[in-house]
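What the coordinates show
So you can see what is in the structure, the chains are spelled out below.
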Amino acid sequence: MSIRFHKMQGLGNDFVVIDARNQAFFALLNFVVSVCDRRLGVGCDQFVLLEAPTLPGADVRVRFFNPDGSEAGACGNASRCVAALLGNAPVLQTAAGLLPSFVTPDGAIGVDMGAPKLDWRDVPLAGATDTLSLPLPGAPAACSMGNPHATFFDGVTDIERLGPLLEHDALFPERANIGFVERRSRDAIRLRVWERGAGLTPACGSGACAAVVNGVRKGLLARRCAVEMDGGSLFIEWREADGHVLMTGPATHVFEGMWPT
Ligand SMILES: N[C@H](CCC[C@H](N)C(=O)O)C(=O)O
């Protein structure tokens, strides 16, 4: 027996996608750790499982798993890849809610990532905290895009040392993705993200959304912002009208394969 998978990537943030809507798939934790392994498996930053939707209006249910086996409520780059894989601008059912997708006139893939959650309980944090300025050196801001993010601005770098320490800081009971922003202007930033459960990745879609939201909240950024990461750029808009965050960028199908089960 074997199961078909798709290898995809968005700005170098890469994924193994299995569409389990019409092929039996029972494994999970051991499978995730094995398939994500870059030496023993296919290798990816996240495993993405597609299932039949359970909510009206959704075309597909999408679940995201980090290489350490932990499940994440959001993954922006993978969401664009799933939208590209399915085509016809699907509505994705994720833990963060129903995420409509769209294609821009120049062929980029867009996803409405929904509204950020700004209360400490929703990030979540360990106790009542002003999410605009966390009690950490550098006073980062925090929010949730369906997954927890803390964002540092200007001057805090050293991601390789600070990333893993902060990912596991006691302030984050579910751990956190840690973003480091260098501002270029009010509508252009350079971002690197230490991802929860995955480490430093070439790009982080939900991290780009969180960085713009946190930058606007701190009065540092405009609501429409270009976010350049190691793997390339996304365009993010924190829409004033409904508070939703729109993310647009590339999504690439690399190859298909069969995984023995
Ligand atoms: N590591 C993240 C999930 C993947 C996020 C990232 N790949 C993206 O594009 O948003 C977490 O545990 O919340």
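What you see is a predicted model; the values in this text were computed from it and never measured. Chains are numbered independently. Their residues run from 1 in the order of the written sequence. Only residues with pLDDT of at least 70 are given local features in this predicted model, and only at 80 or more are side-chain atom pairs given and counted; all residues enter the totals for whole chains, interfaces and linings. Hydrogen atoms and water are omitted, and side-chain values are computed over all heavy atoms in the structure.

For the rest of this paragraph, the subject is the overall build of the protein chain. To qualify as a helix, a DSSP run of H or I must reach at least 4 residues; to qualify as a strand, a run of E must reach at least 2; elements of each kind are numbered from the N terminus. Each helix and strand counted, the protein chain has 4 helices and 17 strands in total. Relative to its length of 261 residues, the protein chain is compact, with a C-alpha radius of gyration of 17 Å against a globular reference of 18 Å. For the protein chain, the spread of C-alpha atoms along the three principal axes comes to 55 × 40 × 30 Å. Put simply, of all contacts in the protein chain between residues at least 6 apart along the chain, 59% involve residues at least 24 apart. Shrake-Rupley sampling with a 1.4 Å probe provides the accessible areas, and residues are treated as covered by the protein chains on show and by no other component. When the accessible surface of the protein chain is totalled, it reaches about 10700 Å², and 53% of it is carbon and sulfur. Across the protein chain, the centroid of the 23 positively charged side chains sits 1 Å from that of the 28 negatively charged ones. It is over C-alpha atoms that the radius of gyration is taken, and the globule rule equals 2.2 Å times the number of residues to the power 0.38. Should any heavy atoms of two residues lie within 4.5 Å, those residues are counted as being in contact. When charges are tallied, Lys and Arg are placed among the positive residues and Asp and Glu among the negative ones, while His and the ends of the chain are skipped. The atom standing in for a charge is NZ when the residue is Lys, CZ when it is Arg, CG when it is Asp and CD when it is Glu.

Turning our attention to the UniProt feature "binding site: substrate" (unreviewed entry) in the protein chain. UniProt positions are given in the numbering used here, feature names are shortened, and annotations may be inferred rather than shown by experiment. Per the UniProt record, "binding site: substrate" (unreviewed entry) is annotated on N13, Q46, N66, G76, N77, N147, N177, E195, R196, G205 and S206. Secondary-structure assignment places Q46 in strand β3 (residues 46-51). Contacts of Q46, omitting those with residues within four sequence positions, involve N13, D14, F15, V16, C36, F65, N66, C75, E195 and A198. Tracing the chain through its elements places R196 in the loop between β12 (188-195) and β13 (199-201). Setting aside anything within four residues of it in sequence, one finds R196 in contact with N66, E71, A72, G73, N147, P148, E167, E174, R175, A176 and N177.

So, on to the nonpolar core. Core analysis: the biggest nonpolar cluster contains 44 residues, and V48, V62, L191, V227, M229 and I236 have the highest contact counts within it. With 7 residues, helix α4 (residues 205-217) is the largest single contributor of residues to this core. Setting aside residues no more than four positions away along its own chain, L191 makes contact with G179, F180, V181, G207, A208, A211, V227, E228, M229 and D230. What makes a nonpolar core is a set of buried Ala, Val, Leu, Ile, Met, Phe, Trp, Tyr and Cys residues whose side-chain atoms join them at distances within 4.5 Å. Only protein chains enter the accessibility calculation, which uses a 1.4 Å probe; a residue is then buried when its area is under 20% of its type maximum, exposed when over 50%, and partly exposed in between.

Another aspect to go through is the site of the ligand. Taken together, the neighbourhood of the ligand is formed by 15 residues, with N66, G76, R196, G205 and S206 sitting nearest. For the ligand, an oxygen atom lies 2.8 Å from a polar atom in the side chain of R196. Here an oxygen atom of the ligand sits 2.6 Å away from a polar atom, N or O, in the side chain of S206. The protein chains hide 100% of the 370 Å² of surface that the ligand would expose on its own. Going through the elements one at a time, α2 (76-86) and α4 are the ones with two or more residues in the shell around the ligand. Partitioning the shell around the ligand into residue classes produces 4 nonpolar, 9 polar and 2 charged. All domain edges in this entry derive from an automatic or database-based domain assignment. No fewer than three residues from each of domain 1 (2-102 + 252-260) and domain 2 (141-243) sit in the shell around the ligand. Only a single heavy atom is needed: when it lies within 4 Å of a molecule or strand, its residue is near that molecule or strand. Polar contacts, as counted here, are pairs of nitrogen or oxygen atoms within 3.5 Å of one another; within protein the pair requires one atom able to donate a hydrogen and one able to accept it, and residues that are adjacent in sequence qualify only if both atoms are side-chain atoms. Only Asp, Glu, Lys and Arg are considered charged in this grouping, and only Ala, Val, Leu, Ile, Met, Phe, Trp, Tyr, Cys and Pro are considered nonpolar; every other residue, Gly among them, is considered polar.

UniProt marks C75 and C204 with the feature "active site" (unreviewed entry), using the numbering shown here. Taken together, the annotated residues stretch across 130 residues yet fold into one region, lying no more than 7.7 Å apart by C-alpha. Relative to the assigned elements, C75 resides in the loop between β5 (71-72) and α2. When its relative accessible area of 7% is taken as the criterion, C75 is described as buried. Tracing the sequence through the fold places C204 in the loop between β13 and α4.

Our next topic: the pairing of strand β15 (residues 232-238). Burial of β15 is extensive: 5 of the 7 residues sit out of reach of the surface. When DSSP finds at least two bridges between two strands, those strands are taken to pair. Bridge count between strand β14 (residues 224-229) and β15: 6 bridges; the pairing is antiparallel. Residue pairing for β15: A226 is matched across the bridge by F235. Bridge count between β15 and strand β16 (residues 245-249): 4 bridges; the pairing is antiparallel.

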